[in-house]
Amino acid sequence: MHFPLWRRSAAAAMRVLLRNATAFLMAPPFLPTATLKQILPSHSPISRVRWGSRGTATTSEKTVTVESIATVIDGRAAAQEIMGEVAAEVSKMRNTLGKVPSLAVVLVGARRDSEIYVRCKKKACEETGIISLGIHLPEHSSEDEILRAVKSFNNDPSVHGVLVQLPLPQHVNEEKILNAVSIEKDVDGFHPLNIGCLAMQGREPLFVPCTPKGCIELLLRSRIDMMGKNAVVIGCSNIVGMPAAILLQRHNATVTIVHSYTKNPADITRKADIVISAAGMPNLVRGNWLKPGAVVIDVGINAVEDRNDERGYRLVGDVCYKEASRIASAITPVPGGVGPMTIAMLMSNTLEAAKRTFGLI
């Protein structure tokens, strides 16, 4: 049977169109997942997809690889903004009262990382106009010597914030030392009365631990809603994991804590809308641990060997950033994420302690 030329040409054109359409659908698109979902019509077979955890969209007809790059939550920028706010209030306090906040640090031993952290805190004090004080005790100092140093700052009315740099040497009872810090000057937020008030409904602590407070502040400043969301905190330490879980709950999230005895941690984490990881294990959280579109706050900071780096190592988080950034909707980098926020929150807590002392709050 012979068809008119115009019908044969139309049929050929249709075959070319279908081939090109198939090639387009099978090719990896250069659009993020959210954009691809928006532009696909509701009647398209590719819109009836099951968005997978590895950046793929699956239908009965096709599988499409989806390249999704997460928004970077810039902790450095947020910390600088907060430091500027603190500096402005300190300047106003100096001009109106003739007084400024002061922060005292007790450092025991010669751990290199602790010394670096203390230097960072001193630098932050200089930037914000807060007075920085400190006592550096030798590694072999007794508990009584450390307690005397803490109590000397407790009893000094010109000191508004007191912190003990952790970790302490193994022979020292950390709990005993932290409990000795005056609750009114406990700017690290580790005193059991502060933690207890944080955990109780209808109570407010004088201070919230700096790192968890920084995590929540990043979420708030990124306009990420926590209400009703499923949140997973990886790690249950008194310093980060436990208070972070309490803070998420205070913002009406449904919270699960994953710890070293948790069975199937990847399956649990994969259900979370928000993940805060504070496990201290490099690259523990892989891309296939995450739900597409999850928000990831990586508290971990771990040194791993890297011969290409002049230091011989590089810093990585608990989360495999390369994989997670293709799945998450937003993520903090390491370094440059939670770390700067911890220092900024310490400055904020110290300012708050001084304002309370001066009757401003």
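Residues numbered from 1 in each chain as written. Predicted model: local features only at pLDDT ≥ 70, side-chain atom pairs only at ≥ 80, totals over all residues. Heavy atoms only, no water.

**Quick notes on the sheet that holds strand S4 (residues 71-72)**
Stage number 1. Overall, parallel pairing links the 6 strands, which are arranged S4-S14-S11-S10-S8-S9 in an open sheet. Each edge of the sheet is formed by a strand with only one pairing partner; in this case those strands are S4 and strand S9 (254-258).
Stage number 2. The pairing of strand S11 (residues 295-298) with strand S14 (residues 330-331) spans 2 bridges and is classified as parallel. Bridged to valine 296 within S14 is isoleucine 331. (Pairing = 2+ DSSP bridges. Helix = DSSP H or I, 4+ residues; strand = E, 2+ residues; numbered from the N terminus.)

**Description of unusual backbone geometry**
Residues apart from glycine generally show negative phi values, whereas peptide bonds are mostly found in trans.
Stage number 1. In this chain, leucine 166 is followed by proline 167 through a cis amide linkage whose omega measures 0°.
Stage number 2. Inspection of the secondary structure puts proline 167 in the loop between strand S7 (161-164) and helix H6 (174-180).
Stage number 3. In this model, valine 334 is joined to proline 335 through a cis peptide bond whose omega is -5°.
Stage number 4. For proline 335, the position within the fold is in the loop between S14 and helix H12 (338-357).
Stage number 5. Backbone geometry at arginine 223 places phi at a positive 55°, although glycine is not the residue there.
Stage number 6. With respect to the helices, strands and loops of the structure, arginine 223 is situated in the loop between helix H8 (210-221) and strand S8 (230-234).
Stage number 7. The class for arginine 223 is exposed, based on a relative accessible area of 79%. (Buried < 20%, exposed > 50% of the residue type's maximum accessible area, 1.4 Å probe, protein only.)

**Topic: the sheet that holds S7**
What links the strands of a sheet is backbone hydrogen bonding, and the strands pair in either a parallel or an antiparallel sense.
Stage number 1. Judged by pairing direction, the sheet is parallel, and its 3 strands sit side by side in the order S6-S5-S7 without closing on themselves. Strands at the two margins of the open sheet, each flanked by one partner only, are strand S6 (131-137) and S7. Along the sheet, successive strands turn relative to each other by an average axial angle of 15°, direction set aside.
Stage number 2. Note: strand S5 (residues 102-108) against S7, 4 bridges, orientation parallel. Within S7, the residue paired with valine 106 across the bridge is valine 164. (Axes fitted to C-alpha atoms, helices over the stretch in contact; angles between N-to-C directions.)

**Here we look at the confidence of the model for the chain**
Stage number 1. Per-residue confidence for the chain averages 86 on the pLDDT scale, and 81% of its residues sit at or above 70.
Stage number 2. Considering only residues more than four positions removed or in separate chains, one finds that residues 1-66, a stretch of pLDDT under 50, has 69 contacts. (pLDDT = per-residue confidence, 0-100. Contact = heavy atoms within 4.5 Å.)

**What to know about the nonpolar core**
Stage number 1. Among the nonpolar cores identified, the biggest contains 54 residues, and Leu103, Leu219, Leu248, Ile276 and Met347 are the most heavily contacted of them.
Stage number 2. Residue contributions to this core peak at 10 residues, all from H12.
Stage number 3. Among all residues touching leucine 248, those that are not within four sequence positions of it are Ile216, Leu219, Met226, Ala231, Val233, Ala253, Val255 and Ile276.
Stage number 4. Counting residues in hydrophobic clusters, the runner-up holds 20 residues, among them Leu137, Val164, Leu178 and Ala180. (Core = buried A, V, L, I, M, F, W, Y, C linked by side-chain atoms within 4.5 Å.)

**Points about the pairing of strand S10 (residues 274-277)**
Stage number 1. The side-chain alternation of S10 yields two buried faces, one formed by Ile274 and Ile276 and the other by Val275 and Ser277.
Stage number 2. Both S8 and S10 contribute to a ladder of 4 bridges, which runs parallel. From the neighbouring strand, alanine 231 faces S10, where its bridge partner is isoleucine 274.
Stage number 3. One ladder, built from 4 bridges, connects S10 with S11; its direction is parallel. Its bridge partner being in S11, isoleucine 276 is matched across the sheet by isoleucine 297.

**Things to note about a nonpolar patch on the surface**
Stage number 1. A surface patch of nonpolar side chains, amounting to about 280 Å² of accessible area, comprises Leu97, Leu360 and Ile361.
Stage number 2. Within the element layout of this structure, leucine 360 appears in the segment after H12. (Patch = residues over 30% accessible without salt bridge, like charges linked within 9 Å, V, L, I, M, F, W, Y side chains within 5 Å. Areas by Shrake-Rupley, 256 points an atom, 1.4 Å probe, with all protein chains shown as cover. Salt bridge = Lys/Arg side-chain N within 4 Å of Asp/Glu carboxyl O.)

**Considerations on the packing of helix H7 (residues 192-199) against helix H9 (residues 241-250)**
Stage number 1. Packing of H7 against H9 leaves a shortest axis separation of 9 Å and a crossing angle of 35°. In this structure, H7 meets H9 at a crossing whose hand is left-handed. Together, Ile195, Cys197, Leu198 and Ala199 of H7 and Met242, Pro243, Ile246, Leu247 and Arg250 of H9 make up the contact between the two elements.
Stage number 2. Across the contact of H7 with H9, the residue classes tally to 8 nonpolar, no polar and 1 charged. (Left-handed = near helix turned anticlockwise from the far one by under 90°. Nonpolar A, V, L, I, M, F, W, Y, C, P; charged D, E, K, R; others polar.)

**Some words on H9**
Stage number 1. Summarising burial for H9: 7 of the 10 residues are buried, a large majority.
Stage number 2. In this structure, the buried residues of H9 make contact with H7, H8, S8, S9 and S10.
Stage number 3. Asparagine 252 sits one or two positions beyond H9 and adopts a positive phi of about 65°.

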